[in-house]
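Residue-level listing of the chains:
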Amino acid sequence: MRLTPAMLGLVLAGVGAGAAGCGGNRPKGLAQRDALAESARAASEESPVTYGGDAGVELRWLVTDMPTSRLGAVLARYETNPVPGDAETMELWRANGLRMVAVPLDEIAGLRARLRVVGATNRQWVGLAPRWVDAVTGPGTGPRTITMHDGHLELPAGRLRLLVRSWVVPVPPENDSGEAALRVELVPQHQEAAHVAARADPLLLTPEKRPTEAQGLVFARLRAALRFARGENGPYAVVLVPEDPDVRWEAPSGVSAEATPPVGEAVPPPAPGEVARTGSGTGAPNPPPALPAAPAPAPGPARPPGPPSPAIPSLGEAMLLARTERRGDTAGAPEERTLRAIVILIPHVPARFTVLGRSG
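All figures in this text were calculated on a predicted structure; none of them were measured in a lab.

**Q** When you look at the pattern of salt bridges in this model, what are you seeing that I'm missing?
**A** Side chains carrying opposite charge are able to pair once their charged atoms draw close together. In the structure shown here, the tally under the stated rule is twelve salt bridges. For the salt bridge of D150 with R221, the shortest nitrogen-to-oxygen distance reads 4.0 Å. Placement of D150 in the loop between β5 (144-148) and β6 (151-155) and of R221 in the loop between β9 (216-218) and β10 (224-229) is noted, with a sequence separation of 71 residues between them. Given the relative accessible area of 58%, D150 is considered exposed. In the salt-bridge network here, residues are joined through shared partners; they are E58, R60 and R123.

In structure tokens:
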């Protein structure tokens, strides 16, 4: 069933009338309550543990234009932290352009401040969702090719997105201690264009009948299972970053200036009959004779004129990364700008595991 223009007008008129009826003289007590609620919400914006319910997953995602070298310098320190998932699966995600790092919860606010965020931080409370739900979606595109760990993959029109589901499990499962853990599963999916268009139609009242996982290609080999428990390696969040699989993150080194060879004028060679000496006054050995130059490589096919073709992106880069061009204040070639979405999974682990119908 679709809304006709006449029906849509009646709906909007009803909403407007209700707003007018409710927006009159509000009691002073209600206004103060709303102001206090807004103040509390703003005060808890940077808190990683007070948003949402008692159990489940909180998602945050932000956009940064920080260059890869600086981004790696910020995140390299966390690469050695254990991620609560299978190591082989984590390596498979990395090979497909998606890296997971574990960051202590009390460092999330500071990490955001160092990432040069563009715009606001988005937040979504997923909670406990045993069925797959749409967590983060990339832009819709036409047919394209992406790079996977085992070769290239051609995709039809649609968009890449990340699916998530979560539920509470007992820990350890073999005894009756009552302790709980939170299991979170993630999997990338390519949503077909027909489902993207149906979901984007604001006049379509009929819900999508096909389940989320049946709306396109699911990258089942990349399904990751994370398990969060209280007291295991401290309270951590998992940060998901799109990155070129061949890029290596390196923390800033403490190499001193004395250890770096100075860059300056070249020292001229000694004249015939002179002896080259070092700063200490000792004689330096003569350089070995120069080796004959290697033969020039055989000419290959000429490269077609024009700029080089862009590299084929990995799965993670195609889903959560975009490259744009912007012109600086001075005349010249446009400057390339990389925008990447970084996803933060914050677990809310309940204190105890209970089953419906079972007393505490």
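Having seen the model, we can carry on.
**Q** Would you take a moment to explain the side chain of R99 for this structure?
**A** Along the polypeptide, R99 turns up in strand β2 (residues 98-104). Of the side chains with opposite charge, E79 comes closest to the buried, unpaired R99, at an N-O distance of 4.1 Å. Within the structure, the side chain of R99 is placed 3.0 Å from the backbone oxygen of D244, a separation counted as a polar contact. Here V247 takes part through its backbone oxygen, which lies 2.2 Å from a polar atom of the side chain of R99. With sequence-adjacent residues up to four places away left out, R99 is seen in contact with E79, R94, V239, L240, V241, E243, D244, P245, V247, R248 and W249.

**Q** Is there a simple way to explain the pairing of strand β13 (residues 335-348) in this structure?
**A** The two faces of a sheet get side chains in turn, since along a regular strand they alternate between them. Here β13 lies mainly inside the structure; ten of its 14 residues are buried. Relative to β13, strand β11 (residues 236-242) is paired through three bridges, and the arrangement is antiparallel. Among the inter-strand pairings, L240 is bridged to a residue of β13, identified as V343.

**Q** I keep staring at helix α3 (residues 68-75) and nothing clicks. Help me out?
**A** Owing to its 3.6 residues per turn, the α-helix aligns residues three or four sequence positions apart on the same side. Among all positions of α3, only L71, G72, V74 and L75 are buried. For α3, the angular spread of buried residues about the axis comes to 160°, placing them on one side. Those residues of α3 that are buried lie in contact with α5 (108-114), β11 and β13.

**Q** Please clarify how the packing of aromatic side chains should be interpreted in this entry.
**A** Working definition: an aromatic ring pair is given by the centre-to-centre distance plus the angle between the planes. One pass over the structure, following the stated rule, counts zero aromatic pairs. One residue, R99, lies across the ring of W249, its end atom 4.7 Å from the ring centre.

**Q** What is the right way to read the environment of P84 from this model?
**A** Relative to the assigned elements, P84 resides in the loop between α3 and α4 (87-95). Using a relative accessible area of 25% as the deciding quantity, one classes P84 as partly exposed. Placed 143 residues apart in sequence, P84 and R227 show a C-alpha to C-alpha distance of 5.6 Å. Residues in contact with P84, not counting those within four places in the same chain, are A225, L226, R227, F228 and V238.

**Q** What is the right way to read the nonpolar core from this model?
**A** In a soluble, globular protein the nonpolar side chains are often hidden away together inside. Within the largest apolar cluster, 40 residues are counted, with the highest numbers of intra-cluster contacts made by L59, W93, M100, V184, L186 and L226. Among all residues touching W93, those that are not within four sequence positions of it are L98, M100, L162, L186, P188, L222, A224 and L240. One finds L71, L111, V239 and V241 within the second-largest nonpolar core, a separate group that totals 20 residues.

**Q** What am I meant to see in the environment of A341 here?
**A** By the element assignment, A341 lies in strand β13. On the accessibility criterion, A341 (13% relative accessible area) is buried. Spatially, the C-alpha atom of A341 lies 9.6 Å from that of E317, the residues being 24 residues apart in sequence. Those residues within four positions of A341 in sequence are excluded, and the remaining contacts are L62, V63, L240, P242 and L320.

**Q** What is the right way to look at α4 in this model?
**A** Within α4, the full set of buried residues consists of T89, M90, L92 and W93. The buried side chains of α4 occupy one side of the element, clustering within an arc of 160° when seen end-on. Seen from the buried face of α4, the exposed residues on the opposite side, beyond 90 degrees, are A87, E88 and E91. Looking at the buried residues of α4, the elements they touch are β2, β7 (158-170), β8 (180-192), β10 and β11. Sitting at the head of α4, D86 places a side-chain oxygen 3.3 Å from the backbone nitrogen of E88. Looking at the residues trailing α4, positive phi occurs at G97, about 85°.

How each quantity is defined
- Residues numbered from 1 in each chain as written.
- Predicted model: local features only at pLDDT ≥ 70, side-chain atom pairs only at ≥ 80, totals over all residues.
- Heavy atoms only, no water.
- Salt bridge = Lys/Arg side-chain N within 4 Å of Asp/Glu carboxyl O.
- Helix = DSSP H or I, 4+ residues; strand = E, 2+ residues; numbered from the N terminus.
- Buried < 20%, exposed > 50% of the residue type's maximum accessible area, 1.4 Å probe, protein only.
- Lys, Arg positive; Asp, Glu negative; His and termini not counted.
- Polar contact = N/O pair within 3.5 Å; in protein donor to acceptor, adjacent residues only side chain to side chain.
- Contact = heavy atoms within 4.5 Å.
- Pairing = 2+ DSSP bridges.
- Arc of directions from axis to C-beta.
- Phe/Tyr/Trp six-rings, centres within 6.5 Å; stacked < 30°, edge-to-face > 60°.
- Lys NZ or Arg CZ within 6 Å of the ring centre and 35° of its normal.
- Core = buried A, V, L, I, M, F, W, Y, C linked by side-chain atoms within 4.5 Å.

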